[in-house]
Amino acid sequence: MTTGLIYDDRFLDHDTGPGHPERPDRLRAIVSALQASGMWNQLVLLAFGPATHAQLQRLHPESYIHRVHDACVAGLPYIDVPDSAISEGSAEIAALATGGVLRATEAVMRGEVSNAFCAIRPPGHHAERDRSMGFCLFGHVALAAESLITDHGLSRVAIVDFDVHHGNGTQRLLEHRSDILFISVHEHPDHQYPGTGYEYEIGIGEGEGATLNIPLPSGSDDLAYRAVFDQTILPKLEAFAPEFVLCSAGFDAATADPLGGMRLSTDGFVEITRKVQDVANRHAQGRIVSVLEGGYDLDALAAGVCGHINVLMESDVGGTDIIDR
Ligand SMILES: [Zn+2]
């Protein structure tokens, strides 16, 4: 079984300025750790280009796409909110990141690889329809889910977002639909950015019931995550029976993370990855594309990503037993 990797050195050129936590060193740390572990050589590097404006316009208005582009080219320091720092090439790089995620989903659908991880930046799960939030410009994962329905003919796609922050952008872009299940487990919005993701946010209209928010108290550890996955997330996924699983993989719930207030260990990230993969194996032929979101302590980020990818590489499609090393 093979795992695909989306990565491009151009992602390093998205310059967020001095002191910004969402910095190029995040990807450098991931690449170094993958190389040092020997995993890099076992991954299938997928070639890809930027998403077209037409692809971005599936969920973002043309006016917003142009506004992002113009702000970057004009040399503005940020767009919409100071958190969302930009540099000259950031619009193109964000479109490249979306293109990478779309390519990963295509590669999995075609059977070129069993599953894939996208080591991209800027991240995407805070980007709303027509405004940037929280370091994010375009909603990569939401766009990939939409593409799986529209371009690949699937009927049920699940998104599992375990970033420490609520995936408000993904939710807002998809909350009216019943064919895409969005699950976000995150630090409680009373105490954490972006201040949304309460239990009562369950989707809108036809999409009611296809959004599941699980806010956890600050300080939640591996055992707390295990409990919510076993008692709430996995039953919801089982009932939905997704044909494809997308992960918004943030590693800022790690104990050492400077932005998150949780206490998840590397083993904790491995365990939740196994749980998601088990569902994907049973319902979705093992089809998973996981997309990097946050994670700001370089060591915890690199260790978490390596543990996460290591599980993806153990993929046992069609089986129910996960190899326990
Ligand atoms: Zn985050």
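Everything below is about the structure printed above this text.
These numbers come from a predicted model, not from an experiment. (Residues numbered from 1 in each chain as written. Predicted model: local features only at pLDDT ≥ 70, side-chain atom pairs only at ≥ 80, totals over all residues. Heavy atoms only, no water.)

Caption draft 1: Geometry of the overall build of the chain. Helix and strand content of the chain: 9 helices and 10 strands. Computed over its C-alpha atoms, the radius of gyration of the chain comes to 18 Å, within 12% of the 20 Å expected for a compact globule of 325 residues. Overall, the chain is about 55 × 50 × 40 Å in size when its C-alpha atoms are taken along their principal axes. Within the chain, the proportion of its 325 residues that are buried is 62%. Across the chain, the fraction of contacts at a sequence separation of at least 24, relative to all contacts at a separation of at least 6, is 77%. As presented, the chain carries roughly 11900 Å² of accessible surface, and 49% of it is formed by carbon and sulfur atoms. Distance between charge centres in the chain, computed from 22 positive and 45 negative side chains, equals 3 Å. (Helix = DSSP H or I, 4+ residues; strand = E, 2+ residues; numbered from the N terminus. Rg over C-alpha atoms; globule rule 2.2 N^0.38 Å. Buried < 20%, exposed > 50% of the residue type's maximum accessible area, 1.4 Å probe, protein only. Contact = heavy atoms within 4.5 Å. Areas by Shrake-Rupley, 256 points an atom, 1.4 Å probe, with all protein chains shown as cover. Lys, Arg positive; Asp, Glu negative; His and termini not counted. Charge placed at Lys NZ, Arg CZ, Asp CG, Glu CD.)

Caption draft 2: Here's a closer look at the coordination of the zinc ion. Within the protein, the zinc ion binds to Asp163 (OD), Asp163 (OD), His165 (ND1) and Asp252 (OD); these donor distances fall in the range 2.0 to 2.7 Å. Seen from the zinc ion, its 4 donor atoms lie at angles of 54 to 153 degrees, and the figure they make is irregular. Mapping the donors of the zinc ion onto the primary sequence gives the spacing D-x1-H-x86-D. Of the two residues, His165 sits in the loop between strand S6 (157–161) and helix H6 (168–174) while Asp252 sits in the loop between strand S9 (244–249) and helix H8 (266–283), which places them 87 residues apart along the sequence. A single burial state applies to His165 and to Asp252, both of which are buried. (Donors = N, O, S within 2.8 Å, 3.2 Å for Na, K, Ca; no water. Tetrahedral: all angles 85-135°; square planar, octahedral: opposite > 155°, others 65-115°.)

Caption draft 3: Representation of the packing of helix H7 (residues 222–240) against H8. Where H7 meets H8, the axes come as close as 10 Å, and the angle between the chain directions of the two elements is 15 degrees. Relative to H8, the element H7 is oriented roughly parallel. Remark: the crossing between H7 and H8 carries right-handed chirality. The residues of H8 that touch H7, namely those facing Asp222, Tyr225, Arg226, Phe229, Asp230, Leu234, Leu237 and Glu238, are Asp267, Gly268, Glu271, Ile272, Lys275, Val276, Val279, Arg282 and His283. Residues that form the contact of H7 with H8 fall into these classes: 7 nonpolar, 2 polar and 8 charged. (Axes fitted to C-alpha atoms, helices over the stretch in contact; angles between N-to-C directions. Parallel < 35°, antiparallel > 145°, perpendicular 65-115°, else oblique. Left-handed = near helix turned anticlockwise from the far one by under 90°. Nonpolar A, V, L, I, M, F, W, Y, C, P; charged D, E, K, R; others polar.)

Caption draft 4: The arrangement of H8 in detail. Here H8 spans 26 Å end to end across 18 residues, near enough to the 26 Å set by a 1.5 Å rise per residue. Counted residue by residue, H8 has 13 buried out of 18 residues, so it is predominantly covered. Regarding H8, its N-cap is Ser265, as a side-chain oxygen of that residue lies 3.3 Å from the backbone nitrogen of Asp267 further along. Following H8 by one or two positions, Gln285 has its phi on the positive side, about 55 degrees. (Expected span 1.5 Å × (residues − 1). Polar contact = N/O pair within 3.5 Å; in protein donor to acceptor, adjacent residues only side chain to side chain.)

Caption draft 5: Expanded view of the packing of aromatic side chains. Taken as a whole and assessed by the stated rule, the structure comprises 8 aromatic pairs. Relative to Trp40, the ring of Tyr7 lies with its centre 6.2 Å away and its plane at 75 degrees, an arrangement referred to as edge-to-face. Separated by 33 residues along the polypeptide, Tyr7 in the loop between strand S1 (3–6) and helix H1 (25–37) and Trp40 in the loop between H1 and strand S2 (44–45) bring together distant segments of the chain. Judged on exposure class, the residue Tyr7 and its partner Trp40 are both buried. Ring plane angle 85 degrees and centroid distance 5.8 Å describe the contact between Phe135 and Tyr296, whose orientation is recorded as edge-to-face. Taken as a pair, Phe135 in the loop between strand S5 (115–118) and helix H5 (140–150) and Tyr296 in the loop between strand S10 (288–292) and helix H9 (298–313) lie far apart in primary sequence, 161 residues in all. The same class applies to Phe135 as to Tyr296, namely buried. (Phe/Tyr/Trp six-rings, centres within 6.5 Å; stacked < 30°, edge-to-face > 60°.)

Caption draft 6: Representation of empty space enclosed by the protein within the structure. For the structure shown, the criterion picks out 2 cavities of 30 Å³ or more. Looking at the largest cavity, its volume works out to about 40 Å³. Forming the walls of the largest cavity are Gln55, Arg58, Leu102, Leu143, Glu146, Ser147 and Asp151. For the lining of the largest cavity, the element with the most residues is H5, which contributes 3 residues. Taken together, the residues that form the lining of the largest cavity break down as 2 nonpolar, 2 polar and 3 charged. Secondary structure elements with two or more residues in the lining of the second largest cavity: H6 and strand S7 (180–187). (1 Å grid on protein atoms, 1.4 Å probe; cavity = no way out; pocket = protein on both sides within 12 Å on 5 of 7 lines; lining within 4 Å. Points joined across faces, edges and corners; volume = space filled by probe spheres on them.)

Caption draft 7: Representation of the pattern of salt bridges within the structure. Considering all chains together, one arrives at 21 salt bridges under this definition. A salt bridge links Arg110 to Glu106; the shortest N-O distance between them is 3.2 Å. The class for Arg110 is exposed, based on a relative accessible area of 57%. Linking Glu128 and Arg172 is a salt bridge whose minimum nitrogen-to-oxygen distance equals 3.5 Å. Of this pair, Glu128 sits in the loop between S5 and H5 while Arg172 sits in helix H6, placing them 44 residues apart in sequence. Look at Arg172 and you get partly exposed, because its relative accessible area is 46%. (Salt bridge = Lys/Arg side-chain N within 4 Å of Asp/Glu carboxyl O.)

Caption draft 8: Region of interest: unusual backbone geometry. The omega torsion of the bond from Arg121 to Pro122 falls at 0 degrees, within 30 degrees of zero and hence cis. Going from Tyr193 to Pro194, the amide bond is cis rather than trans, its omega being 0 degrees. By the secondary structure assignment, Pro194 is in the loop between S7 and strand S8 (211–216). Unusually for a residue other than glycine, Gln285 sits at a positive phi of about 55 degrees.

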